[in-house]
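Close look at the chain arrangement
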Amino acid sequence: MAAISGKPVSSGDLQENLRRLDRLANLGLVSAGLAHEIKNGLVSINVFVDLLLQKGEEKEMALMAQRELRRIDMLATQMLRYASPKTRDFSEIHVHEILDQSLRLLDHQTRGNLIMVEREYEAGNDLLNGNESQLQQAFMNLLLNAVEAMSSNGCLKVHTENKANPGGLGQLRITIRDSGSGILPENLERLFEPFFTTKKNGTGLGLSITRRIVEEHSGAIEVQSEAGRGSSFILTLPTR
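The structure contained in this document is the topic of the report that follows. (Residues numbered from 1 in each chain as written. Predicted model: local features only at pLDDT ≥ 70, side-chain atom pairs only at ≥ 80, totals over all residues. Heavy atoms only, no water.)

Observations regarding the nonpolar core
The tendency in soluble globular proteins is for nonpolar side chains to be buried side by side. We apply this condition: Here, nonpolar core refers to any group of buried Ala, Val, Leu, Ile, Met, Phe, Trp, Tyr and Cys residues whose side-chain atoms link them within 4.5 Å. Exposure categories follow from relative accessible area, calculated using a 1.4 Å probe and restricted to protein chains: below 20% of the type maximum is buried, above 50% is exposed, and the middle band is partly exposed. By the criteria applied, helices consist of DSSP H or I runs no shorter than four residues and strands consist of E runs no shorter than two, each listed in order from the N terminus. Any two residues whose heavy atoms approach within 4.5 Å at even a single point are treated as in contact.
By size, the foremost hydrophobic cluster in this structure holds 41 residues, and its most contacted members are Leu135, Phe139, Leu156, Ile174 and Phe233. Of all the secondary structure elements, the ones that give two or more residues to this core are α2 (59-80), α3 (95-105), α5 (132-148), β6 (155-164), β7 (170-177), α7 (206-216), β8 (220-226) and β9 (230-238). Not counting the four nearest positions on each side in its chain, Ile174 is found in contact with Val95, Leu99, Phe139, His159, Thr160, Phe233, Ile234, Leu235 and Leu237.

What follows is the structure, given as structure tokens:
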């Protein structure tokens, strides 16, 4: 027999309580993850609003802000539908287009910090079956981390190439590299753990969410880092 709050309960009741606590824990993790993504979107929107106020009406910036607002609305909808069965809303997408959209959203931060952005799109086939909004979340998490890891005059490099897995199926490899100070060896193994963070005001959810998205796309993610020379996050996704 075990007791909760001083009242004896049966083993069946205990198992049900444990299942309920597990559901609550999962709901808390999802809610925190969605809040993290909403914060990412709001950062970009606030930048665009400031620029629009300074420069007047800019159609391209307004369209990008509108796209981010739609993404935030979709994330909030996902929170409300958490208990509903999940569906794979996948379609044919071009990864290079999503990478370019993500880099445009960070243009103000990279220019303001004098960070050079290098695009090396060597992949001849960037077409895959996936969810555009989810992959943009993953890319934005990695790109924001890269920018934050660098001081002024840094270099952000985005490289793509096609590879084949041992079975001969096509793969797209995406490498996002920064020229920051690198990641301490003792932190490397914990990077993708939920709530693990080395940032003062970080949530510790960006990388865990990114890994989940990549795995939902039947892909893999790894990190390579060298002290004083920066870090590389490598995503491998199956192509069409």
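Let's talk about the packing of aromatic side chains
Formally: Centres within 6.5 Å are what make two rings of Phe, Tyr or Trp a pair, Trp counting through its six-membered ring; a difference in plane orientation under 30 degrees is then read as stacked, over 60 as edge-to-face, and the rest as tilted.
Inspection of every chain in the model, using the stated rule, returns one aromatic pair. With a centroid separation of 6.5 Å and 85° between ring planes, the pair formed by Phe192 and Phe233 is classed as edge-to-face. Of this pair, Phe192 sits in the loop between α6 (185-188) and α7 while Phe233 sits in strand β9, placing them 41 residues apart in sequence. With respect to burial, Phe192 and Phe233 carry one shared label: buried.

A short note on the sheet that holds β7
Strand pairing in a sheet takes place through backbone hydrogen bonds and is either antiparallel or parallel in direction. Keep this limit in mind: Pairing between strands requires that DSSP locate at least two bridges from one strand to the other. Simply put, an axis is a line fit to the C-alpha atoms, just over the touching stretch for a helix, and the angle between two N-to-C directions goes from 0 to 180 degrees.
Read across the open sheet, the five strands follow the order β4-β6-β7-β9-β8; overall the sheet is mixed. Edge positions in the open sheet fall to β4 (116-121) and β8, since each of these has one partner strand only. Across the sheet, the mean angle from the axis of one strand to that of its neighbour is 15°, orientation sign disregarded. As paired strands, β7 and β9 are joined by seven bridges and run antiparallel to one another. What sits directly across from Ile174, in β9, is Leu235. Contacts between α3 and the sheet are confined to β4, β6 and β7, with β4 contributing the most and set at about 175° to the helix.

Details of the environment of Glu189
Looking at the element boundaries, Glu189 is found in the loop between α6 and α7. Between the alpha carbons of Glu189 and Val223 there is a distance of 9.6 Å; along the sequence they are 34 residues apart.

Some points on the side chain of His159
Spelled out, the test is: Polar contacts, as used here, are pairs of N or O atoms within 3.5 Å; protein pairs need one atom able to donate a hydrogen and one able to accept it. Residues neighboring in sequence count only if both atoms are side-chain atoms.
Along the polypeptide, His159 turns up in strand β6. Looking at His159, its side chain comes within polar contact range of the side chain of Glu122, at 3.2 Å. Once residues within four sequence positions are removed from consideration, His159 is found in contact with Glu120, Glu122, Arg173, Ile174 and Thr175.

Here's the deal with the environment of Arg212
Its place among the elements puts Arg212 in helix α7. Judged by its relative accessible area of 41%, Arg212 is partly exposed. Remark: the alpha-carbon pair of Arg212 and Ala138, spanning 74 residues in sequence, is separated by 9.0 Å.

Let's talk about the pattern of salt bridges
For the record, the criterion: Throughout this description, the term salt bridge denotes a Lys or Arg side-chain nitrogen within 4 Å of a carboxyl oxygen of Asp or Glu.
This structure, assessed with the given rule, holds nine salt bridges. The salt bridge partner of Asp107 is Arg111, with a shortest N-O separation of 2.8 Å. Highlighted residues: Asp107 and Arg111, both in helix α4 (residues 107-112), separated by four residues, approximately one helical turn. The exposure class of Asp107 is partly exposed, given its relative accessible area of 31%.

What about the side chain of Thr236?
Relative to the helices and strands, Thr236 is located in strand β9. Here Thr236 falls in the buried class, since its relative accessible area comes to 15%. Every residue in contact with Thr236, bar those within four places of it in the chain, is listed here: Gln171, Leu172, Arg173, Gly219 and Ala220.

Some details on the packing of α5 against α7
The following threshold applies: Each crossing is labelled by how the near helix is turned from the far one, with a counterclockwise turn of less than a right angle marking it left-handed and a clockwise turn marking it right-handed. Following the grouping adopted for this structure description, the nonpolar residues are Ala, Val, Leu, Ile, Met, Phe, Trp, Tyr, Cys and Pro, the charged ones are Asp, Glu, Lys and Arg, and the polar ones are all others, Gly among them.
Look at α5 against α7: their axes get within 9 Å of each other, and the N-to-C directions meet at 140°. Considering how the two elements wind past one another, α5 and α7 form a crossing that is left-handed. Across the interface between the two elements, Gln134, Leu135, Gln137, Ala138, Asn141, Leu142 and Asn145 of α5 pack against Gly206, Leu207, Ile209, Thr210, Ile213 and Glu216 of α7. Split into classes, the residues belonging to the contact of α5 with α7 amount to six nonpolar, six polar and one charged.

Some thoughts on the packing of α3 against α5
Stated formally: Put simply, angles under 35 degrees are roughly parallel, angles over 145 are roughly antiparallel, angles from 65 to 115 are roughly perpendicular, and the rest are oblique.
Orientation of α3 relative to α5, taken along the N-to-C sense of each, is 50°, at an axis distance of 9 Å. It follows from the interaxial angle that α3 and α5 lie oblique. The crossing of α3 and α5 is right-handed. Contacts between α3 and α5 involve Val95, Ile98, Leu99, Gln101, Ser102, Leu103 and Leu105 on the former and, on the latter, Glu132, Leu135, Gln136, Phe139, Met140 and Leu143.

Keep in mind that these numbers describe shape and distance, not what the molecule does.
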